[in-house]
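# Topology and contacts: notes
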Amino acid sequence: TIDLAEDRERFNALMRELDIQQPDGATVLTREEAIESAKTIGYPVLVRPSYVLGGRGMAIVFDEAMLLNWLETHVEWSGHPVLIDQFLDDAFEVDVDALCDGQQVTIGGIMQHIEEAGVHSGDSACMLPPYKISAFHLEIIREYTQRIGKAMQVKGLFNIQFAIKEDVVYVLEVNPRASRTVPFVSKAVGHPLASYAAQIATGATLKDLGFTEEPRINGFFVKEAVLPFQKFPGV
């Protein structure tokens, strides 16, 4: 399942099969392919090594000089591909944490990023429930989450990052694992999502756990990143 989410060609094929929109993108194995693909997609582009956690090495590049500088610094061309994606400028970003038992999907929470798309989800402020997304777009997000969880046969927690631009809902990426927002969502909705995921891993179903519907949220919950400035003297 992790390979299906990380292998760009397999993941793109799955999204096409499910009729789900993605930003244009390419997988490249050489410097020349990177330059050509970025030109074809059109700047700005988001660049990242594949199979990284937590957005390490990810960057938004605005022209060829920036791209070449990033490639020199971050890539050793040892056979691992580099992912180049269209950067959706001025879009809203949405994170969904959900559970799947292989048959059924239940959404734990839908969070809207307060900053525009492009700030890494670990560093962004976000709000639950979303404060500025139409019911129409929320229904699309719910439907896509159901389709993706079932198609990928996830057993436990998974996280999907969506972007909304000009009335189109795009899937940016799917992480078939617990994300760092799970403790925040669990507190907000009053359900121990990590505990449920562990029980699903040992054979329980969402029905067994009594968690078959997205929880209703009483109030508003905001996550803000805390930066350890005491660790950056002189910066």
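Heads up: these notes are all about the structure in this document.

Reading guide: rules and limits
Numbering of residues begins from 1 in every chain and follows the order in which that chain's sequence is written. It should be noted that, the model being predicted, local features are given only for residues of pLDDT at least 70 and side-chain atom pairs only at 80 or more, the latter also being counted only at that level, while totals for whole chains, interfaces and linings use all residues. As a rule here, side-chain values come from all non-hydrogen atoms in the structure, and water together with hydrogens is ignored. Ring pairs are drawn from Phe, Tyr and Trp, using the six-membered ring of Trp, whenever the two centres fall within 6.5 Å, and their geometry is named by plane angle: stacked under 30 degrees, edge-to-face over 60, tilted for the rest. A run of H or I in DSSP counts as a helix once it spans at least four residues, and a run of E counts as a strand once it spans at least two, with each numbered from the N terminus. Think of it in three bands: residues with accessible area under 20% of the maximum for their type are buried, residues over 50% are exposed, and the middle band is partly exposed, with areas taken using a 1.4 Å probe on protein chains only. Note on contacts: a residue pair qualifies if any of its non-hydrogen atoms lie within 4.5 Å across the two residues. One side-chain nitrogen of Lys or Arg within 4 Å of one carboxyl oxygen of Asp or Glu is enough to make a salt bridge. Following DSSP output, two strands are said to pair if at least two bridges run between them. Lines are fitted to the C-alpha atoms to define the axes, a helix being fitted only along its stretch in contact, and any angle between axes, read from their N-to-C directions, falls within 0 to 180 degrees.

Moving on: the packing of aromatic side chains. Inspection of every chain in the model, using the stated rule, returns one aromatic pair. Ring centres 5.1 Å apart and planes at 45 degrees place the aromatic pair Tyr196 and Phe211 in the tilted group. Taken as a pair, Tyr196 in helix H7 (residues 193-201) and Phe211 in the loop between helix H8 (206-209) and strand S10 (221-223) lie far apart in primary sequence, 15 residues in all. The buried category is assigned to Phe211, whose relative accessible area is 2%.

Next up on the list: the side chain of Ser124. Along the chain, Ser124 falls in the loop between strand S6 (105-113) and strand S7 (126-128). Residue classification places Ser124 among the buried positions, given a relative accessible area of 0%. The contact partners of Ser124, leaving out residues within four places of it in the chain, are His113, Glu115, Val119, Lys223 and Ala225.

Once that is clear, we can look at the pattern of salt bridges. Evaluation of the coordinates by the stated rule reveals eight salt bridges. Among the ionic pairs, Asp85 bridges to Arg48, the shortest N-O distance being 3.1 Å. Of this pair, Asp85 sits in strand S4 (residues 82-86) while Arg48 sits in strand S2 (residues 45-49), and the two are 37 residues apart along the sequence. We note that Asp85, like Arg48, is buried. Measuring nitrogen to oxygen at the nearest pair gives 2.7 Å for the salt bridge that ties Arg142 to Glu214.

Spatial strand order, S1-S4-S2-S3: four strands in an open sheet with antiparallel pairing. On the outer flanks of this sheet lie strand S1 (25-28) and strand S3 (59-61), each paired with one strand and no other. Along the sheet, successive strands turn relative to each other by an average axial angle of 25 degrees, direction set aside. Relative to the sheet, helix H3 (residues 31-41) contacts S1, S2 and S4, its axis offset from that of S1 by approximately 175 degrees. Along the sheet face, helix H4 (residues 64-74) touches S2, S3 and S4 and points at about 145 degrees away from the line of S3.

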